[in-house]
Amino acid sequence: MHLSDVSIGATHVLLWGARAAVEIRCPGPGVLRVRHAPSSAVTGFTHPELPQKRSFAVVAAVVAEGALPLSARREGDTLHVSAEGASLEVSLASGTWTFSDGQGRTLARCDGVSGEVKPAFPVDELRSRLSLEAPPGEAYLGFGEKVGPLDKRGLRFTFWNTDAFPPHVESDPLYASIPFFVALRGGVAWGFFLDEPWRSEVDIALSDPGRVTWESRGPELDVYLMAGPHPADVLRRYAGVTGRPAMPPLWSLGAHQSRWGYETADDVRDVVRGYRSRGLPLDAVHLDIDYMDAYRVWTWDRSRFPDPAGLARELAAEGVKLVTIVDPGIKADEGYPVYEEARARDYLVRLSRGGVLVGEVWPDPAVFPDLTREEVQRWWGDLQRPFIDAGVAGIWNDMNEPACFSVQPDRGLPGPNGGRTSGLGTIEGSTLPYDARHGARRHLEVHNVYGLGMSRAAHEGLARHAPARRPFVLTRAAFAGIQRYAAVWTGDFASNFTHLEASIPMLLGLGLSGVPFVGADIPGFVGRANGELLVRWMQAGLFYPLMRNHAARGRPAQEPWRFGEPYLDLARALLERRYRLLPALYTLMHEAAETGLPVLRPLSFAAPDDPEALHAYDQLLFGDDLLVAPVVRPGQSKRLAYLPAGAWMDFANLEGAGKVEEGGRHVIADAPLGVVPVWLRAGGAVALTAPRMHTTTARWEEITWHVHAAEAVRGRLYEDEGDGHGASRLTQLSGGLDGGTFTLERSAKGELPLAREVETIRVHGVPAPRSVAGARSHRVLDGVVEVEVEADWQRIELRAT
């Protein structure tokens, strides 16, 4: 890609040659946007100026506010561009570049950019390619919902949202496409985001061990480069570009129960009775497609669900919310109001020749709303109003890749050579043809953002029609930016240990792609689980932000009591632990909403320069302080776990005070069926509460802090009403060990009144004190100092001498 001319402005630089153009901007500190158009003179009409571009992923404020100032100077065939926290050195002869951070460290080198245009009928075929040097030892994390270990080096992926049923541990592509990665080398991280919804592929040092190559089917490669140095710094910058996650309602972090096959309102009542009669906590029941009238979206089958509002009231009396599935396919049925209105308003996806595209999903025949268009999104969101009025609390978006089992034939268009096109064009997977029309765009361009548009419609519709509540939307299909609107689950995982193990790096990858509210179906959606798998998957799911039991029609039911004893008792204990964990989880979700950091983090967050931590893909950090190593193989009662550098206290099952292990090495953890191995980091402070049958408020009436004493201790607790947009309080702990004295101080911000009179602080790793200041009382239990304090305490001091 040869460039010859340069135009330097206050906030952007434009480089161009006879065929190509490149635009450089700085949308935020440590971030450079490099918009490559390798075939600009062929694909555009304003070369060398690049046309206005709508981004589906980048937040409106980044687009509206433009860019930060940058400086540039040309020295022969090299252009040096500098901005706050980042710089770029561009070779005009090749269009390649070197990206560096504010300290001058070289982070990335692009060694090739190219593009080609192949005239075709009815749509030209485009290819745009970019390659990066892949230095030895550099790891590549993220890429959204992808299979494989945490480090994706040596793999190849396609970004094309796909209804993969049933998925396998090597299946690609899957349901979500997020073209973003975090690179990590020598403890220093940087990020790469390709803001292109077009179908694309990435080869991560597979074909060429020294190169990462990305190819898009579109005319451009719009790249955001992000400096670190820590992976958390990269994710904060990525969230600044694509948006911070929405804060969920507290109830959505409780236990969810779902099944494709709850056919009647009585089935739903019986599920809730099953939970309550057995003392099992539960916050939500999901209705699959069974509730619809002949699969007509936004309807109820009144013979099976005669009174949806009454059902929602009954469930609410038990503390249970109702969540309904919504598929985008609209039944093409004369007289059906949703279909008639969509057709009359020209809101439907069309064939290349202009007629409405008719396909088949659960409804047959089916048409598809063009949810890539904002006016259609608003209309779709408003269709939720009767469901909201009936008491539906959340929306579960499914089949929104969009999935389509078949498309009605079309004879095709007469071609310029006298023949005809094939009619439907290329169809990749169970979806719509590449050349289907979404307004002025083709499906090949917007396929990957269809689910994003549907989730935006749901989220914004819920916010409009229930403004006092926080929306809860769950989606299968996704693109970059989905975190602003929805939680993501990993689709139709199978009920086996292989998929349990695969869920951990996949959820970590989603978190490393800006999506913190994630989960996998427990104990898998399709197949036949046994009691051991249920318990082991619930142990991992104890830490999933979304904890949902789900099962497919035609498979055995998987509610916790279906497996008998001892599995029911173990499942009950795990659900109770989940509700004890809610203060910590809710605080981490608030941190995610503020910063974009994930709840589930790879061990490399604690040790970015430790290769053993990087490759511990079946373990996770829950926030900064808890390390979790679920058992993911059948028949095991012990497991090997890696602990990064530092001291880690055995905190299995979130209780007790076990042995303290020095990190930087592997340990063997005891893990009989009823135990999930957990460790509490030295310096960590985690807030737990008492279990409940369902959530009520995040103004916790009981709080117990578990503190692992170290030279420096930090802890956080976020509280509010659990929903809505009212007052809140953020409590922060700080302190540590100094010789024989341990001190802990509390500070708080916010107007939310306290709902408790006392708190308990359990301090691990200190000797029995001779004196305690600032407490109501204290005692030593099994080597742990337990201190009771007033809820508004300010400082405690434990003296050993």
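Residues numbered from 1 in each chain as written. Predicted model: local features only at pLDDT ≥ 70, side-chain atom pairs only at ≥ 80, totals over all residues. Heavy atoms only, no water.

Things to note about the overall build of the protein
So the rule is basically this: Comment: elements are numbered from the N terminus, with helices defined as DSSP H or I runs of at least four residues and strands as E runs of at least two. Between buried and exposed lies partly exposed: a residue is buried under 20% and exposed over 50% of the maximum accessible area for its type, with that area taken using a 1.4 Å probe on protein chains only. Reported accessibility uses the Shrake-Rupley method at a 1.4 Å probe radius. Residues are deemed covered only where the shown protein chains occlude them. In this count, Lys and Arg are taken as positive residues and Asp and Glu as negative ones, while His and the chain termini are left out. The location of each charge is read from NZ of Lys, CZ of Arg, CG of Asp or CD of Glu.
Tallying secondary structure elements over the protein gives 14 helices and 51 strands in all. Dimensions along the principal axes, computed over C-alpha positions, put the protein at roughly 90 × 75 × 50 Å. When burial is assessed residue by residue, the protein has 62% of its 801 residues classed as buried. Looking at the protein as shown, the accessible area adds up to about 27,700 Å², and 48% of this sits on carbon and sulfur atoms. When the 84 basic and 100 acidic side-chain charges of the protein are each reduced to a single mean position, those positions are 1 Å apart.

Quick notes on the sheet that holds strand β38 (residues 647–650)
Hydrogen bonds between backbone groups are what pair the strands of a sheet, and the pairing can be parallel or antiparallel. Rules: If DSSP finds at least two bridges between two strands, the strands pair. When checking whether two residues touch, look at their non-hydrogen atoms; a contact exists if any pair is within 4.5 Å. To get an axis, fit a line to the C-alpha atoms, keeping to the stretch in contact for a helix; angles then go from 0 to 180 degrees between the N-to-C directions.
Pairing within the open sheet is antiparallel, and its six strands lie in the order β34-β35-β36-β41-β38-β39. Each edge of the open sheet carries a strand with a single partner, namely β34 (600–601) and β39 (660–662). Two strands pair when backbone bridges link them, and β34 and strand β35 (residues 620–622) are joined in this way by two bridges, in the antiparallel orientation. In the sheet register, L600 faces β35, and the bridge partner there is F622. Those strands touched by helix α13 (residues 567–595) are β34, β35 and β36 (626–628), and its axis lies near 95° from that of β35.

Remarks on the sheet that holds strand β14 (residues 180–185)
If you trace the eight strands from one edge of the open sheet to the other, you get β1-β2-β3-β4-β18-β15-β14-β11, paired in antiparallel fashion. At either margin of the open sheet sits one strand with a lone partner, and together these are β1 (5–8) and β11 (139–142). Averaged over all pairs of adjacent strands, the angle between their axes in this sheet comes to 20°, without regard to strand direction. By the bridge criterion, six bridges tie strand β3 (residues 21–28) to strand β4 (residues 31–37) in an arrangement that is antiparallel. Across the sheet, the residue bridging to V22 is H36, located in β4. Of the strands in this sheet, β4, β14, β15 (188–194) and β18 (221–227) touch helix α3 (residues 231–242), which is tilted by about 140° from β18.

Considerations on the packing of helix α11 (residues 497–511) against helix α12 (residues 531–541)
Where we set the bar: Each angle gets one of four labels, with under 35 degrees taken as roughly parallel, over 145 as roughly antiparallel, 65 to 115 as roughly perpendicular, and the rest as oblique. Basically, the charged four are Asp, Glu, Lys and Arg, the nonpolar ten are Ala, Val, Leu, Ile, Met, Phe, Trp, Tyr, Cys and Pro, and anything else, Gly included, counts as polar.
Between α11 and α12, the shortest axis-to-axis distance is 10 Å and the interhelical angle comes to 5°. As far as their axial angle goes, α12 and α11 are roughly parallel. Here α11 contributes F497, H499, L500 and S503 to the contact with α12, which in turn contributes E532, L533, R536, W537 and A540. Residue classes in the contact of α11 with α12 are distributed as five nonpolar, two polar and two charged.

Remarks on the packing of α12 against α13
Closest axis-to-axis distance for the α12/α13 pair is 10 Å, and the angle between their directions is 5°. One element, α12, and the other, α13, form an angle in the roughly parallel class. Each of G531, E532, L534, V535, M538, Q539 and G541 in α12 lies in contact with α13, whose residues at this interface are Y567, L570, A571, L574, L575 and R578. For the contact of α12 with α13, the residue count by class is eight nonpolar, three polar and two charged.

Digging into unusual backbone geometry
Here the residue pair D172 and P173 is connected by a cis peptide bond, since its omega of 0° sits within 30 degrees of zero. Of note, P173 is situated in the loop between β12 (155–159) and β13 (176–177). Here the amide bond leading from G228 into P229 is cis, since omega sits at 10°, within 30 degrees of zero. Secondary-structure assignment places P229 in the loop between β18 and α3. Residue A294 is not a glycine yet carries a positive backbone phi of 55°. Relative to the helices and strands, A294 is located in the loop between β20 (284–287) and α5 (308–317). Residue Y295 is not a glycine yet carries a positive backbone phi of 65°.

Quick notes on a nonpolar patch on the surface
Condition: Think of a patch as exposed residues, more than 30% relative accessible area, with no salt bridge, where like charges cluster within 9 Å and nonpolar side chains (Val, Leu, Ile, Met, Phe, Trp, Tyr) cluster within 5 Å. By definition, a salt bridge exists where a carboxyl oxygen of Asp or Glu is found within 4 Å of a side-chain nitrogen of Lys or Arg.
A surface patch of nonpolar side chains, amounting to about 260 Å² of accessible area, comprises Y295, W362 and F405. In this structure, Y295 sits in the loop between β20 and α5. Classification of Y295 by relative accessible area gives partly exposed; the value is 33%.

A look at the side chain of R601
Using the following cut-off: Any pair of N or O atoms that falls within 3.5 Å is considered a polar contact. Within protein, one atom must be able to donate a hydrogen and the other to accept it, and sequence-neighbouring residues count only if both atoms are side-chain atoms.
If you trace the backbone, R601 turns up in strand β34. A polar contact of 3.1 Å, which involves the side chain of R601, links it to the side chain of E591. There is a polar contact of 2.8 Å between the side chain of R601 and the side chain of D624.

Some thoughts on helix α7 (residues 374–382)
The complete set of buried residues in α7 reads V376, Q377, W379, W380 and G381. The inward-facing, buried residues of α7 contact β21 (321–326), β22 (330–331), α6 (337–344), α8 (385–389) and α10 (450–465).

Some thoughts on the pattern of salt bridges
The tally for this structure, following the rule as stated, stands at 71 salt bridges. Ionic pairing is found between R269 and D266, a salt bridge with its closest N-O pair at 2.7 Å. In this pair, R269 and D266 both sit in helix α4 (residues 265–277), three residues apart, roughly one turn of the helix. Relative accessible area serves as the criterion here: at 47%, D266 is assigned to the partly exposed category. Two residues, R269 and E314, come together in a salt bridge whose shortest N-O distance is 2.8 Å. Of this pair, R269 sits in helix α4 while E314 sits in helix α5, and the two are 45 residues apart along the sequence. A residue is classified by how much of its surface remains accessible, and E314, at 37% relative accessible area, is partly exposed. Each of R156, R199, E201, D203 and E428 takes part in a single network of salt bridges with overlapping partners.

Concerning the packing of aromatic side chains
Test applied: Note on aromatic contacts: the rings of Phe and Tyr and the six-membered ring of Trp form a pair at centre separations within 6.5 Å, being stacked when their planes are under 30 degrees apart, edge-to-face when over 60 apart, and tilted otherwise. Consider the ring centre and the ring normal. A charge sits over the ring if Lys NZ or Arg CZ is within 6 Å of that centre and within 35 degrees of that normal.
In total, this model carries 30 aromatic pairs according to the counting rule given. Consider the rings of F193 and Y238, whose centres lie 5.5 Å apart with planes at 85°: the pair is edge-to-face. Of this pair, F193 sits in strand β15 while Y238 sits in helix α3, placing them 45 residues apart in sequence. Y238 matches F193 in its accessibility class, with the two residues each being buried. Considering the side-chain rings of Y291 and F387, the 6.1 Å spacing of their centres and the 65° angle between planes classify their relative orientation as edge-to-face. Taken together, the positions of Y291 in the loop between β20 and α5 and F387 in helix α8 put the pair 96 residues apart, joining distant regions of the chain. Comparing Y291 with F387 shows no difference in burial state: the two are buried. Stacked on the ring of F159, the Lys or Arg K146 has its end atom at 4.6 Å from the ring centre. A cation sits over an aromatic face here: R548 above W396, 4.4 Å from the ring centre.

Here's the deal with α6
The condition that has to hold: What the arc measures is the spread of directions leading from the helix axis to the C-beta atoms.
Among the residues of α6, those classed as buried are V338, Y339 and A342. The buried residues of α6 occupy an angular sector of 95° when projected down its axis, which confines them to one face. Those residues of α6 that are exposed and aimed more than 90 degrees away from the buried face are P337 and A344. Its buried side turned inward, α6 meets β22, β24 (366–367) and α7.

Limitation: the analysis is restricted to geometry and does not speak to function.
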